[in-house]
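Geometric and topological summary
Okay, here's what each chain looks like letter by letter:
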Amino acid sequence: MSQPGYEGITVEHLTKQYHRVRAVDDLSFTVHPGRVTGFLGPNGAGKTTALRMILGLVTPTAGTATVGGARYVDLPDPLRHVGAVLEASSAHRGRSARNHLRVICRAAGLPDSRADEVLTMVGLNTVGTRKFKGYSLGMKQRLGIAAAMLGDPRVLILDEPTNGLDPEGIRWMRDLLRALAAEGRTVLVSSHLLAEMQQLADDVVIIAAGRLIRQGPVAEVLGNTAGAARVRVRTPQAEQLAAVLRDAQLQVSADPDGALRVFGADPARVGQLAFAAGVELHELIGENADLERAFLELTAGKAGAR
Amino acid sequence: MNLIRAELLKLRTTSMWWIFAVILLPLWGLAVGYNWLAAEVTLSTDGPLGGGDMGFGSLERVVAGLYTSGQFSGVLLVMLLSAILVTSEFFHLTATSTFLATPRRELVIAAKMVIGVLVALTFWLITTVLNLAVGPLVLSGLGASAHLDAPEVWQAIALNGLVHVLWSLVGVGAGVLIRSQIGAVITLAVVYIIGTQVLQVVFFALSTYVWEPFLALRILVPTLASDLLISGPQLAEDPPRWVGGLILVGYAAITSIVGTLITKQRDIS
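Residues numbered from 1 in each chain as written. Chains lettered and ligands numbered in written order. Predicted model: local features only at pLDDT ≥ 70, side-chain atom pairs only at ≥ 80, totals over all residues. Heavy atoms only, no water.

Residues and elements named next belong to chain A. With respect to topology, 6 strands assemble into an open sheet ordered S5-S6-S7-S3-S8-S9, the strand pairing being mixed. Bordering the open sheet on either side are strand S5 (82-85) and strand S9 (211-217), each of which pairs with just one other strand. Put simply, the sheet's adjacent strands are angled 15° from each other on average, direction ignored. When S5 meets strand S6 (residues 155-159), the two strands line up parallel, connected through 4 bridges. Bridge assignment links Gly-83 to a residue of S6, and that residue is Leu-156. Where helix H5 (residues 137-149) meets the sheet, it contacts S5 and S6, and its direction lies at approximately 165° from that of S5. (Pairing = 2+ DSSP bridges. Helix = DSSP H or I, 4+ residues; strand = E, 2+ residues; numbered from the N terminus. Axes fitted to C-alpha atoms, helices over the stretch in contact; angles between N-to-C directions. Contact = heavy atoms within 4.5 Å.)

In structure tokens:
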């Protein structure tokens with residue numbers, strides 16, 4: 001159903017000015033096919049506005065956003081290229097989920113049978129005839145995914161899709177998005193659930209106050225931050241070990257309790273250097289930076305004053 | 001065509017259309033009762049076919065009124081339902097999925113106009129069928145002929161259909177312009193029901209105290225333009241019928257064009 005070819009997302013100098021607030025400020029990033037890209041930022045960072053500009057729902061003040069090289073509004077059959085999950089509560093309360101999907105099918109020129117197929121895919125086939133007002137938040141999120149998948153799109157854009165999901169639902173969503181990316185699709189998913197993103201995303205785009213803070217593969221973004229991989233080591237021969245480590249081009253500092261903190265190395269490397277130098281170790285702990293800490297360090301002080 | 005099918009399914013899959021249809025029936029019943037009374041009074045005081053006037057106008061006019069019973073409420077309901085076709089997209093936040101499927105928003109509005117016209121013709125058809133069933137019974141009960149061979153009756157029925165259609169377009173246009181569901185419904189209902197009398201008084205006052213030609217301008221009030229289209233000129237200086245129709249088309253065109261331009265620029269969030 002989808003056309004082959006490059007189906008990434010390119011955002012260039014995207015800007016949205018609302019009266020006095022610059023919700024999105026000269027934002028540029030790229031999203032690649034075959035990977036899950038996490039779109040991260042504190043509340044009010046401009047994630048939703050940026051996603052809506054990519055989808056042609058909000059008009060940018062400046063800049064462009066393209067999907068597969070074309071603006072969303074210029075795509076001939078947009079739902080066959082791009083599927084989007086925006087807010088969960090976006091169906092008529094008095095309409096059944098199945099009819100909600102069939103309306104979209106007709107507007108997009110898709111067969112009505114797709115409505116039943118995607119309902120089965122998200123596990124709502126038994127409650128498809130129930131009215132939307134009877135749906136739980138988790139069911140609404142699943143319905144949102146179903147609507148996004150109607151056109152079997154190569155690009156998926158999801159705004160906080162795990163909101164309101166229980167742990168089982170979050171796991172289901174994670175597995176689904178990973179599977180879709182593994183099929184070569186482009187998946188852009190915004191979230192403030194950082195731990196969740198660490199398990200899910202291949203790449204991250206971090207924004208705060210409408211501006212890009214950092215983008216790249218998760219491991220690289222973590223490695224680049226001040227809170228990157230470090231090792232805490234305790235030894236009775238602290239001075240001797242510190243000299244050895246510095247000779248190995250590692251950065252070392254002393255903790256108040258006398259332990260050493262080594263930056264840019266993992267425990268195996270530190271242990272090997274200590275062993276070679278004949279230094280006795282009492283403690284050797286790797287402290288992995290997590291995305292959450294990196295995120296907080298990166299966005300510190302930038303979320304306020306908006 | 002896909003869009004029209006989608007919009008039709010939207011209308012069919014909520015309870016709105018049949019709620020409006022259910023409201024229509026008692027209002028139509030009231031209108032028939034009123035027109036029955038008018039026919040009875042006119043026939044009983046009128047003699048054979050004179051120009052007697054008990055405030056209901058000539059017999060032809062009363063008969064035409066009987067065969068277009070439910071016009072006032074039918075047009076009101078059609079207009080409100082047409083406006084809700086648009087405003088419910090924002091009220092229920094479905095505008096997002098609608099405009100994701102169809103980023104060219106003017107096409108969505110055009111499709112809603114088609115649906116508005118279909119609703120108008122359906123409501124008109126319902127009341128017309130009922131009127132053609134009940135009208136002859138009422139008239140024969142009063143000892144008069146059914147008047148179904150009178151061209152004025154069929155002209156009135158056709159114009160009744162036309163005003164339904166024109167007002168549904170005004171409704172869609174107003175819904176596009178006034179995005180708030182409650183705001184649009186209240187504005188339209190007030191202008192339609194109360195506005196006529198108020199604005200008529202204003203225009204009479206203006207022509208009396210300020211400048212006489214203001215009276216001719218009163219047909220710019222949409223409901224009075226509608227009356228002109230249905231009933232023809234009432235005063236010697238009134239313009240012909242078609243001007244009334246043109247004014248209604250003008251309102252539909254202005255509201256929908258301005259509304260569409262605004263909608264194309266509007267941020268959907």
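With that settled, the discussion passes to the sheet that holds strand S2 (residues 21-31) of chain A. Residues and elements named next belong to chain A. The sheet built from 3 strands is open, its strands ordered S2-S1-S4 with antiparallel pairing. Only two strands of the sheet have a single neighbouring strand rather than two, namely S2 and strand S4 (62-67). Sheet twist, expressed as the mean angle between neighbouring strand axes with direction ignored, is 20°. Judged from the 7 bridges that link them, strand S1 (residues 9-18) and S2 form a sheet pairing that is antiparallel. Residue pairing across strands places Val-11 opposite Phe-29, the latter belonging to S2.

Residue and element names in this part refer to chain B. Most of helix H10 (residues 222-231) is tucked away: 7 of the 10 residues are buried. Residues Pro-222, Thr-223, Leu-224, Ala-225, Ser-226, Leu-228 and Leu-229 constitute the buried set of H10. At its buried positions, H10 is contacted by helix H7 (151-177), helix H8 (181-209) and helix H11 (241-265). Looking one or two residues beyond H10, the residue adopting positive phi is Gly-232, at roughly 80°. (Buried < 20%, exposed > 50% of the residue type's maximum accessible area, 1.4 Å probe, protein only.)

Residues and elements named next belong to chain B. Along the chain, Ile-23 turns up in helix H2 (residues 16-46). Looking at Ile-23, the relative accessible area reads 36%, which means it is partly exposed. As a C-alpha pair, Ile-23 and Gly-74 span 51 residues in sequence and 9.5 Å in three-dimensional space.

A word on the pattern of salt bridges. Scanning the entire structure with this criterion turns up 25 salt bridges over all chains. For A:Arg98, the salt bridge identified is with A:Asp116, shortest N-O distance 2.7 Å. Pair noted here: A:Arg98 is in helix H3 (residues 97-108) and A:Asp116 is in helix H4 (residues 113-121), with a separation of 18 residues, a long-range link. For B:Glu89, the salt bridge is made with B:Lys10, and the minimal N-O distance between the two is 2.5 Å. On the criterion of sequence distance, the pair formed by B:Glu89 in helix H4 (residues 71-91) and B:Lys10 in helix H1 (residues 2-12) is long-range, its members being 79 residues apart. (Salt bridge = Lys/Arg side-chain N within 4 Å of Asp/Glu carboxyl O.)

Another point: the domain arrangement of chain A. What the domain assignment reports for chain A is domain 1 (9-224) and domain 2 (230-288). Between the C-alpha centres of domain 1 of chain A and domain 2 of chain A the distance comes to 45 Å. (Domains from an automatic or database assignment.)

This paragraph deals with a nonpolar patch on the surface. Residues and elements named next belong to chain B. A cluster of nonpolar residues, Phe-72, Phe-91, Ile-182, Ile-186, Val-190, Ile-193, Ile-194, Val-198, Leu-199 and Val-202, forms a patch on the protein surface that exposes about 880 Å² of accessible area. Of all the secondary-structure elements, those providing two or more residues to the nonpolar patch are H4 and H8. Here the nonpolar patch takes 8 residues from H8, the largest share from any one element. With respect to the helices and strands, the residue Leu-199 is situated in helix H8. (Patch = residues over 30% accessible without salt bridge, like charges linked within 9 Å, V, L, I, M, F, W, Y side chains within 5 Å. Areas by Shrake-Rupley, 256 points an atom, 1.4 Å probe, with all protein chains shown as cover.)

Residue and element names in this part refer to chain B. Within this numbering scheme, the UniProt entry marks residues 16-37, 75-101, 113-134, 154-178, 185-211 and 242-263 as carrying the feature "transmembrane region" (unreviewed entry). Helix and strand shares over residues 16-37 are 100% and 0% respectively, and the end C-alpha atoms of the span are 32 Å apart. Along residues 113-134, the helical share is 100% and the strand share 0%, with 31 Å between the first and last C-alpha atoms. (UniProt positions renumbered as here; feature names shortened; annotations may be inferred.)

A few words now on the interface of chain A and chain B. Tallying the contact residues gives 30 residues for chain A and 25 residues for chain B. Buried surface at the junction of chain A and chain B, summed over both partners, amounts to about 2,400 Å²; 59% is from carbon and sulfur atoms. Summed over the three residues of chain A that lose the most area to chain B, namely A:Leu57, A:His92 and A:Arg106, the buried surface amounts to 27% of that side. Summed over the shared surface of chain A and chain B, the result is 1 salt bridge. A salt bridge links A:Lys16 to B:Asp267, with the nearest nitrogen and oxygen atoms 2.8 Å apart. Taken together, chain A and chain B are joined by 11 residue pairs in polar contact (both at pLDDT 80 or more). The set of elements that each furnish at least two residues to the side of chain A that touches chain B consists of S1, helix H2 (78-81) and H3 of chain A. Of all the elements, H3(A) adds the most residues to the side of chain A that touches chain B, at 7 residues. The residue inventory of the side of chain A that touches chain B, partitioned by class, reads 14 nonpolar, 9 polar and 7 charged. (Buried area = accessible area lost by both parts, 1.4 Å probe. Polar contact = N/O pair within 3.5 Å; in protein donor to acceptor, adjacent residues only side chain to side chain. Nonpolar A, V, L, I, M, F, W, Y, C, P; charged D, E, K, R; others polar.)

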